[in-house]
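Architecture and fold: a report
Below, each chain spelled out in residue letters.
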Amino acid sequence: MSKNVALAADGNAAALKAENKKSFWKQVKNQKTLILLSIPFVVYVIIFCYVPLVGWIMAFQNYKPAKGLLNSEFVGLDKFKRLFGVAPFPKNDVFLGVIRNTLAMGLINLVLGTVCAIAFAILLSEFRSRGGKKVIQTISYLPHFLSWVIVAGIVFDVLSMENGMLNKLLVGLGIVDKGVNWLAEPKYFWWIVAFTNLWKETGWNSIIYLAAITSINPDLYEAASIDGAGRLSRIWHITLPGLKPTILILLIMNVGNVLNAGFDIQYLLGNGLVQRYSQTIDIYVLKYGISQGDYSIGTAAGIFKSLVSIILIFLANRTAKAMGEEHLF
Amino acid sequence: MAELTKAIAEEKPSVKPKKKSSTSRRSTGDIVFDVINTIILIVFTVIILYPLLNMVAISFNDGTDALRGGIYLWPRAFTTKNYSTVLSKQSMPVAVRVTVLRTIIGTLSSTFVTALLAYILSRKEFLFKKQLSLLYVITMYVSGGLIPVFLVYKKLNLTHSFWVYIIPGMVSAWNMLVLRTYMNGLPDSLAESAMMDGAGHLTIFFRIILPLCMPVIATVSLFTAVYHWNSWFDVMIYNNGAKDANLTTLQFELQKLLSSVTNNSASAETMKEANNTVTPTTVRAAATVVTSLPIICLYPFLQRYFVAGLTIGGVKE
């Protein structure tokens, strides 16, 4: 491309263009097989990923399945106004609460998840026994491969009021007098979700940090210990700075997913009692969209989620760029 | 438990001799650090393992006896009744068949198709490489959302059918990137010399590239297989109608058990089955063990492939 531009600047642009055109068709002919092979992939991605985007029109309509996309009445931004409770629509505290829950749980997961994965990776890398390290690693990955359904079942058992091990432990230690009904208390819900995520993913998320730690130059550690630095100060002054690029890249990637992290576990653990703190955007879409058949409002909520995700990932990327750090694009 | 004791057993010999031999070299601070580190890691391991082992113990315990609580790592009143209850459930044969079929068909088709796309996009001479890549990469960040997607599947007659498990997720942009990164790392000369000998793209793909990509293909197919084995949401959304009993999966059946426990309809069930001495809790424990057994048995052997895949993906980003 740049070569072409340079040539064109030399003045024989027209001739070059004609030649390019000819060679373009020649290339197409040469690449017949590749192009033919790629056609099904184009069709596939359009049908399954881009046609649904056309459905976003529903958010601006009073969509009726019987009338279809073409004949439903357009209502402008009414559905969005209703979602956010902007006049003339009544206040919609439910959806605002849903946004709060999604953001809160997403951020708690992001911060706690990152910190714990890094801490675990560092502790593991400082562990002296090779065999023991391997065993701990293998065990720590295990929950990642269990389905959310199984994990939710485990959480129910651990937190159960009568026989749950957490209540047993707390009562045994004398911290509480009698068992707490954890899953019925709205104020605990976010933290239960956070700890469940930690239990399931800390080991798995630490893999990438462990790989980054192994790639830090060992001479640095040696030099530091000659200078009299202890273990903790070596971790603080060498390991953590060495991990910084990895941490930033993963943070940027995960910031875009903050709103995506809210379906399975909230849906499986949630119940009527904690609904005000457990409902996330995805659950709201499911509830109002599919179960109650209000496709328009469900789609509007979905669009809102996509937009916020994209804005978040751009903001995170911009911040990293401004700080002179590594960035995605 | 065996693994845990092994971990502890391996711990002791490695810590003790060091303490003796290296007191001259290692400071007390160093030793304190090691001791605390070991304690933290052991506590962490116990937190991960204990709920799982407890679940196994409960699954082998008598139902009414389990209600008393106090079962830790070993069943108190041993029985296999929970397992026979789970395995004799009417939906069980169907769920097992559908889960196994979707895992096998889904994994094979998805890996093959995604690898073919990765091959096309790894050809440096391909004219529309950029455009086609972009078309797929965008899908990683933008999606139509649940409802538009649902309506499209409905229009395509994919709902209430087995194929909704297979077709929509067939090409994965993420897996494509992982495979393409690997293929880009292979020397160009291989494909070029085959071209000289008159081999077409399909021959090169099947005979040269695929065999060379086996490690990363193993990784990608393992991820896909785990995804298929663990999915329950698509069953609930697309195949949850009155006539869809023959499309259920193990995870979805387990989810139904779970929600029946949480909705407190459980007590009625307990009464009914009281003479059988199984309770929803113990039956669910058995069902959990059955559904997670294949993964737990296989994954220690496949672990290095999982890890390899993650690192390739990480390098890419």
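Residues numbered from 1 in each chain as written. Chains lettered and ligands numbered in written order. Predicted model: local features only at pLDDT ≥ 70, side-chain atom pairs only at ≥ 80, totals over all residues. Heavy atoms only, no water.

With respect to the overall build of chain B
Rule in force here: A run of H or I in DSSP becomes a helix once it reaches four residues, and a run of E becomes a strand once it reaches two; helices and strands are each numbered from the N terminus. Working definition: with a 1.4 Å probe on protein chains only, accessible area under 20% of the residue-type maximum means buried, over 50% means exposed, and in between means partly exposed. Contacts are assigned to residue pairs that have any heavy atoms within 4.5 Å of one another. Surface accessibility follows the Shrake-Rupley procedure with a 1.4 Å probe radius. Residue values consider only the protein chains on display as shielding.
Along its length, chain B carries 16 helices and zero strands. In chain B, which comprises 317 residues, the share counted as buried stands at 49%. Of the contacts made within chain B by residues no fewer than 6 positions apart, 70% connect residues no fewer than 24 positions apart. Carbon and sulfur atoms provide 67% of the accessible area of chain B, an area that totals close to 15,600 Å².

Overview of the overall build of chain A
Across its full length, chain A holds 16 helices and two strands. When each of the 329 residues of chain A is scored for burial, the buried share is 47%. For chain A, the exposed surface amounts to about 16,900 Å²; the carbon and sulfur share of it is 64%.

Focus on helix α16 (residues 295-322) of chain A
This is how it is decided: One fewer than the residue count of a helix, multiplied by 1.5 Å, yields its expected span.
The end-to-end C-alpha distance of α16(A) is 41 Å, a good match for the 40 Å that 28 residues give at a rise of 1.5 Å each. In the stretch just after α16(A), A:Gly324 is the one whose phi turns positive, near 75°.

Quick look at the environment of B:Val220
All names here are of chain B. By secondary structure assignment, the location of Val 220 is in helix α12 (residues 214-230). Separated by 110 residues in sequence, Val 220 and Ser 110 have C-alpha atoms that sit 9.4 Å apart. With sequence-adjacent residues up to four places away left out, Val 220 is seen in contact with Thr 111, Asn 175, Val 178 and Leu 179.

A look at the nonpolar core
Selection criterion: Nine residue types can take part in a nonpolar core, namely buried Ala, Val, Leu, Ile, Met, Phe, Trp, Tyr and Cys, and a core is a set of them joined through side-chain atoms within 4.5 Å.
Judged by nonpolar contacts, the single largest core of 163 residues is most densely connected at A:Tyr209, A:Leu269 and B:Tyr136. When sequence neighbours within four positions are dropped, the list of residues in contact with B:Tyr136 reads A:Phe41, A:Tyr44, A:Val45, B:Leu117, B:Val171, B:Ala173 and B:Met176. Formed by eight residues, the second largest nonpolar core is a distinct cluster that contains A:Ile252, A:Val255, A:Leu259 and A:Ile313.

Points about the interface of chain B and chain A
Cut-off, in case you're wondering: A quick way to say it: buried area is the sum, across both parts, of accessible area lost when two parts are put together, with a 1.4 Å probe. Every case where a carboxyl oxygen of Asp or Glu lies within 4 Å of a side-chain nitrogen of Lys or Arg is listed as a salt bridge. Any pair of N or O atoms that falls within 3.5 Å is considered a polar contact. Within protein, one atom must be able to donate a hydrogen and the other to accept it, and sequence-neighbouring residues count only if both atoms are side-chain atoms. Amino acids outside the nonpolar list (Ala, Val, Leu, Ile, Met, Phe, Trp, Tyr, Cys, Pro) and the charged list (Asp, Glu, Lys, Arg) are all regarded as polar, and Gly is one of them.
Listed as interface residues are 95 residues of chain B and, on the opposing side, 84 residues of chain A. Regarding the contact of chain B and chain A, the summed buried area is about 7,800 Å², with carbon and sulfur atoms giving 77% of it. If you look at where chain B meets chain A, you find five salt bridges. As a salt-bridge pair, A:Arg231 and B:Asp34 come within 2.7 Å of each other at their nearest N and O atoms. At the boundary of chain B and chain A, one finds 19 residue pairs in polar contact (both at pLDDT 80 or more). Here the side of chain B that touches chain A is built from residues that sort into 58 nonpolar, 23 polar and 14 charged.

Focus on the environment of A:Tyr277
Residue and element names in this part refer to chain A. Looking at the element boundaries, Tyr 277 is found in helix α14 (residues 275-278). Between the C-alpha atom of Tyr 277 and that of Ala 104, which follows or precedes it by 173 residues, the distance is 9.8 Å. Setting aside chain neighbours within four positions, we find Tyr 277 in contact with Arg 100, Asn 101, Met 105, Pro 186, Phe 189 and Trp 190.

A word on the confidence of the model for chain B
All names here are of chain B. The criterion, for reference: pLDDT measures the predictor's confidence residue by residue and takes values from 0 up to 100.
Chain-level statistics for chain B give a pLDDT mean of 82 and a share of 84% at 70 or above. Within the model, pLDDT remains below 50 along residues 1-24, and this stretch shows 24 contacts once partners closer than five positions in the same chain are excluded. Scored below 50 in pLDDT, residues 264-274 shows nine contacts in the model against residues more than four places distant or in partner chains.

Remarks on a nonpolar patch on the surface
We count it as follows: Within the patch definition used here, like charges are joined within 9 Å and nonpolar side chains (Val, Leu, Ile, Met, Phe, Trp, Tyr) within 5 Å, considering only residues with over 30% relative accessible area and no salt bridge.
A cluster of nonpolar residues, A:Leu36, A:Ile39, A:Val43, A:Ile46, A:Ile47, A:Val51 and B:Leu156, forms a patch on the protein surface that exposes about 540 Å² of accessible area. Assignment of secondary structure puts A:Ile47 in helix α3 (residues 32-54). Owing to a relative accessible area of 31%, A:Ile47 belongs among the partly exposed residues under this scheme.

Side note on unusual backbone geometry
The backbone of B:Asn157 sits at a positive phi, close to 60°, despite the residue not being glycine. With respect to the helices and strands, the residue B:Asn157 is situated in the loop between α7 (146-155) and α8 (163-166).

Some points on empty space enclosed by the protein
All names here are of chain B. Put simply, the rule is: Put simply, the grid is 1 Å and covers the protein atoms alone, a cavity is a trapped set of points that fit a 1.4 Å probe, a pocket is an open set with protein on both sides within 12 Å along at least five of seven lines, and lining residues have an atom within 4 Å of a point. Grid points are joined across faces, edges and corners, and a volume is the space filled by probe spheres set on the points.
Under the defined criterion, the tally for this structure stands at two cavities of 30 Å³ or more. In this structure, the largest cavity occupies an estimated 70 Å³ of space. Around the largest cavity sit Ser 122, Arg 123, Lys 124, Met 183, Asn 184, Leu 186, Pro 187, Asp 188, Leu 190, Ala 191 and Ile 209, which together line it. Counting only elements with at least two residues in the lining of the largest cavity, the list comes to α9 (173-184) and α10 (188-196). Sorting elements by how many residues they give to the lining of the largest cavity places α10 first, with three residues. By residue class, the composition of the lining of the largest cavity is six nonpolar, two polar and three charged.

Digging into the packing of aromatic side chains
What counts is decided by this rule: Between the rings of Phe, Tyr and Trp (Trp by its six-membered ring), a pair exists once the centres lie within 6.5 Å; its type follows the angle of the planes, with under 30 degrees stacked, over 60 edge-to-face, and the other angles tilted. Our definition puts a charge over a ring when NZ of Lys or CZ of Arg is within 6 Å of the ring centre and also within 35 degrees of the ring normal.
Tallying each qualifying case throughout the model produces 32 aromatic pairs over all chains. Between the aromatic rings of A:Phe24 and A:Trp25, the centroid separation amounts to 5.3 Å while the plane-to-plane angle is 80°, which identifies the pairing as edge-to-face. Look at A:Phe24 and you get partly exposed, because its relative accessible area is 30%. Classification of A:Trp25 as exposed rests on a relative accessible area of 55%. Residues B:Phe162 and B:Trp163 carry aromatic rings whose centres are separated by 5.5 Å and whose planes lie at 80° to one another, so their mutual orientation is edge-to-face. Here the guanidinium or amino end of A:Arg100 rests over the ring plane of A:Tyr277, the centre of that ring lying 4.6 Å away.

Focus: the packing of α3(A) against helix α6 (residues 129-138) of chain B
We count it as follows: To obtain an axis, a line is fitted to C-alpha atoms, over the contacting stretch when the element is a helix, and the angle between two such axes runs from 0 to 180 degrees between their N-to-C directions. When an angle is under 35 degrees it counts as roughly parallel; over 145 it counts as roughly antiparallel; between 65 and 115 it counts as roughly perpendicular; any other value is oblique. Here a crossing is taken to be left-handed if its near helix is turned anticlockwise relative to the far helix by less than a right angle, and right-handed if that turn runs clockwise.
For the pair α3(A) and α6(B), the least separation of the axes is 10 Å and the interaxial angle reads 25°. One element, α3(A), and the other, α6(B), form an angle in the roughly parallel class. In this structure, α3(A) meets α6(B) at a crossing whose hand is left-handed. Across the interface between the two elements, A:Ser38, A:Phe41, A:Val42, A:Tyr44, A:Val45 and A:Tyr50 from α3(A) touch B:Leu132, B:Leu134, B:Leu135, B:Tyr136 and B:Ile138 from α6(B). Tallied by class, residues from the contact of α3(A) with α6(B) come to ten nonpolar, one polar and no charged.

Quick notes on the side chain of B:Ser292
Inspection of the secondary structure assignment puts B:Ser292 in helix α16 (residues 280-316). The contacts of B:Ser292, once residues within four sequence positions are left out, are A:Leu146 and A:Ile150.

Remarks on the pattern of salt bridges
On inspection of all chains with the given rule, the structure shows 14 salt bridges over all chains. Two residues, A:Asp282 and A:Lys305, come together in a salt bridge whose shortest N-O distance is 2.9 Å. Of the two residues, A:Asp282 sits in helix α15 (residues 281-291) while A:Lys305 sits in helix α16, which places them 23 residues apart along the sequence. A salt bridge links B:Lys124 to B:Asp188; the shortest N-O distance between them is 3.1 Å. With B:Lys124 in the loop between α5 (92-122) and α6 and B:Asp188 in helix α10, this residue pair connects regions lying 64 residues apart in the sequence. Owing to a relative accessible area of 38%, B:Asp188 belongs among the partly exposed residues under this scheme. A cluster of three or more residues bridged by salt bridges with shared partners is formed by A:Glu126, A:Arg128, A:Arg231, B:Asp30 and B:Asp34.

Topic: the packing of α9(B) against α12(B)
Residue and element names in this part refer to chain B. α12 packs onto α9 with a crossing angle of 170° between their chain directions and a minimal axis gap of 10 Å. In terms of their interaxial angle, α9 and α12 are classed as roughly antiparallel. Residues Asn 175, Val 178, Leu 179 and Tyr 182 of α9 lie in contact with α12, whose contacting residues are Pro 215, Val 216, Ile 217, Val 220 and Thr 224.

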